[in-house]
Structure formats: C-alpha cells, structure tokens
Amino acid sequence: MLVFTRKRNDAIIIGDGIEIRVLRIGRDSIRLGVKAPPSVPVHRLEIYEQIVEANRAAASRRDLPAAVAARLGKKSEPTT
Amino acid sequence: MTAAQGEGAAPDVLRLYTHFGAFNLKTEDVIAFPSGLPGFEADRRFVLLSAPSYEPVQCLQSIDAASPSFLVVDPRRVLPDYRARLNQSDLTRLGAADETSLLWLAIVTVNDDGLYANLRAPVVINPARMLGFQLVPSDSVYPLRHPLFAE
C-alpha cells in the first residue's frame, strides 16, 4: 500500500482526474472530498462490501428456478 | 477469427442454455454493465431472461467471466410505491436524460426460509442504450433483505 502524509487541504491524484482531498481533520475522523468522473463510482467500502456479500448470496445455484417455482406454487419446467 | 466471421457474416443469434431455460439471444439483447456488479466486477455483459413459469421473477444472466445469474423482480411488484433516487452522475452513467424510461430490478436471494429481494441496491437499466449498473446508495430507507411474496 502506498502511504502519504497529507495536511488539511492537501490532495492526492489517482489516474486521470480522480482527486482525493483532505477537507477536515478531527480527533477520530477525517473528512475527505473525492472528485471523479461519472464513470468511476465512489462508495464507502463497508457499504460496497455489504452489497458484494448480498450479491454473492444471490448468485446462481442450480436449483434456484425450482426453488422459486415451488415458492410461487408453480411447476418447474424442464430446461432442455 | 476467420474471415467468414467478419462483418456481415457473424451469426447474430446465440443459443444460450441456462438453468432458467434455453434462449436464442441477439446481440441487441445484451445489456452492458461497464462496472460489472459488486462482487462480479468482471461480468460486463448480461441478458434479461423471462419464462412464464417464473413470472414475475426474471433472470439476469451474465454471458461473461464467471457467468453468474441472478433472479430479479421489479421492486414495484414488491412495494408499489418503491422509488430509489438517482443523481445526475447516475443518469450520465446510464446515458439517460431523465428517469422516465428506466428499468428497475431488485436482486432476489433464495434462502431455506423463503425469498428475499434486495431493495436497497437495485439494478437500474436504460433500455434505450442497453446500459446498466447496480445502485450502491450510501443511505436508503429500503432493506437489503425484504421478504418476497410473504403470505
């Protein structure tokens, strides 16, 4: 991991135009400003990880359609 | 690649076998997800499959990388007044001028105790551009696991 020492209002730049600036330094937290093009989504890591976990739990199991059909009270159709 | 697969000669239809059924796909059926989905960042191309026996649940099937598939449902079929918020850069990512014609899909998880829809992080697609992404809101009134079709 690359490590920088930055003061208030200092910034780093990543790639083409992703800028991260230290806006405020508190006792237990710092406030960061992020400038990025719309094609680069920026998220809080712990929230992104929650969605990763939810997606992994949702991703296909072979018996998924049958399980859904059973829940819906419908008959599963053979797939071939 | 051979010359026969070059322009004009490439077959436009792909036969796709999934555990949701077998489908003939055309290139215009492919929805681009330039960032993939969280946890599946390498899966950039998906198709949305429907089968009458699973209505109103559909299948969002990757045709890339690990080829995961997700069961999805229109969140408004779960909560009729469902409304997630998009900002201007979300609309830019979708190549959309406004929210009117966007397609919303909540990812469904199957557990032993039932089905749950992820209403917090919906997939949103602009059908006019066949572009989509999964919204990762920093705050949302909707749960990650909302029971589906609860009696």
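Our subject is the structure listed above.
Reference entry: report on the structure contained in this document. The model shown is predicted, which means the values in this text are computed figures rather than measured ones.

Criteria and thresholds
Residues numbered from 1 in each chain as written. Chains lettered and ligands numbered in written order. Predicted model: local features only at pLDDT ≥ 70, side-chain atom pairs only at ≥ 80, totals over all residues. Heavy atoms only, no water. Helix = DSSP H or I, 4+ residues; strand = E, 2+ residues; numbered from the N terminus. Rg over C-alpha atoms; globule rule 2.2 N^0.38 Å. Buried < 20%, exposed > 50% of the residue type's maximum accessible area, 1.4 Å probe, protein only. Contact = heavy atoms within 4.5 Å. Lys, Arg positive; Asp, Glu negative; His and termini not counted. Charge placed at Lys NZ, Arg CZ, Asp CG, Glu CD. Areas by Shrake-Rupley, 256 points an atom, 1.4 Å probe, with all protein chains shown as cover. Core = buried A, V, L, I, M, F, W, Y, C linked by side-chain atoms within 4.5 Å. Pairing = 2+ DSSP bridges. Axes fitted to C-alpha atoms, helices over the stretch in contact; angles between N-to-C directions. Salt bridge = Lys/Arg side-chain N within 4 Å of Asp/Glu carboxyl O. Buried area = accessible area lost by both parts, 1.4 Å probe. Polar contact = N/O pair within 3.5 Å; in protein donor to acceptor, adjacent residues only side chain to side chain. Nonpolar A, V, L, I, M, F, W, Y, C, P; charged D, E, K, R; others polar.

## Details of the overall build of chain B
- Each helix and strand in chain B was counted, giving two helices and 10 strands.
- In sequence order, chain B lays out its α and β elements as β-β-β-β-β-β-α-α-β-β-β-β.
- For 151 residues, the compact-globule estimate of 2.2 N^0.38 gives 15 Å, and chain B sits close to it at 16 Å.
- When each of the 151 residues of chain B is scored for burial, the buried share is 50%.
- Pairs at least 24 apart in sequence give 49% of the contacts found in chain B among residues at least 6 apart.
- Of the charged side chains in chain B, 12 are positive and 17 negative, and the gap between their average positions amounts to 3 Å.

## Here we look at the overall build of chain A
- Along its length, chain A carries two helices and three strands.
- N-terminal to C-terminal, the α/β element order of chain A is β-β-β-α-α.
- Relative to all contacts within chain A whose residues are 6 or more apart in sequence, the contacts with residues 24 or more apart total 0%.
- Carbon and sulfur atoms make up 52% of the accessible area of chain A, which totals about 6400 Å².

## Focus on the environment of Tyr17(B)
- Position of Tyr17(B) relative to the elements: it lies in strand β1 (residues 13-18).
- Distance from Tyr17(B) to Pro137(B), taken between C-alpha atoms, is 34 Å for residues 120 residues apart in sequence.

## Regarding the nonpolar core
- Formed by 33 residues in total, the largest nonpolar core has its most connected members in Phe20(B), Leu49(B), Leu86(B) and Leu102(B).
- With 14 residues, the next largest nonpolar core counts Ala59(A), Leu37(B), Phe40(B) and Leu105(B) among its residues.

## Quick notes on the sheet that holds strand β3 (residues 30-35) of chain A
Residues and elements named next belong to chain A.
- The antiparallel open sheet is built from three strands, whose spatial order is β1-β2-β3. Only two strands of the sheet have a single neighbouring strand rather than two, namely β1 (11-14) and β3. Between one strand axis and the next, the sheet turns through 20° on average, direction left out of account.
- Pairing analysis gives four bridges linking β1 to strand β2 (residues 18-25), with the strands arranged antiparallel. Bridge pairing in β2 places Ile-12 opposite Ile-20.

## Comments concerning the pattern of salt bridges
All names here are of chain B.
- Taken as a whole, this structure holds five salt bridges over all chains when the rule is applied.
- Residue Arg-83 is joined to Glu-99 by a salt bridge in which the shortest nitrogen-to-oxygen separation is 3.6 Å. Linking Arg-83 in the loop between α1 (75-78) and α2 (88-94) with Glu-99 in the loop between α2 and β7 (103-111), this pair joins segments that are 16 residues apart in sequence.
- Taking relative accessible area as the criterion, Glu-99 reaches 24% and is therefore assigned partly exposed.

## A short note on the interface of chain A and chain B
- Contact residues are listed per partner, giving 31 residues for chain A and 41 residues for chain B.
- Contact between chain A and chain B buries roughly 3000 Å² in total, counting both sides, with carbon and sulfur atoms accounting for 63%.
- The tally of links between chain A and chain B comes to zero salt bridges.
- Linking chain A to chain B there are three residue pairs in polar contact (both at pLDDT 80 or more).
- Contributing elements (two or more residues each) for the side of chain A that touches chain B: α1 (45-58) and α2 (64-72) of chain A.
- When residues in the side of chain A that touches chain B are grouped by element, the largest group, 10 residues, is from α1(A).
- Looking at the side of chain A that touches chain B residue by residue, the class counts come to 16 nonpolar, seven polar and eight charged.

## Considerations on the pairing of strand β9 (residues 131-134) of chain B
All names here are of chain B.
- Across the two faces of β9 the burial is the same, with Leu-131 and Phe-133 and Gly-132 and Gln-134 all buried.
- When strand β8 (residues 114-126) meets β9, the two strands line up antiparallel, connected through four bridges. Residue pairing across strands places Val-123 opposite Gln-134, the latter belonging to β9.
- Here β8 folds back onto β9, and the loop between the two strands holds four residues, one of which, Met-130, carries a positive phi near 50°.

## Some points on unusual backbone geometry
- With an omega of 5°, the peptide bond between Glu55(B) and Pro56(B) qualifies as cis.
- Its location among the elements puts Pro56(B) in the loop between β4 (45-49) and β5 (58-62).
- Phi at Asn9(A) takes a positive value of approximately 75°, unusual for a residue other than glycine.
- Along the chain, Asn9(A) turns up in the segment before β1.
- Since its relative accessible area comes to 42%, Asn9(A) is described here as partly exposed.
- In this model, Met130(B) sits at a positive phi of 50°, which is unusual for a non-glycine residue.
- With respect to the helices, strands and loops of the structure, Met130(B) is situated in the loop between β8 and β9.
- Accessibility expressed as a relative area gives 23% for Met130(B), which makes it partly exposed.

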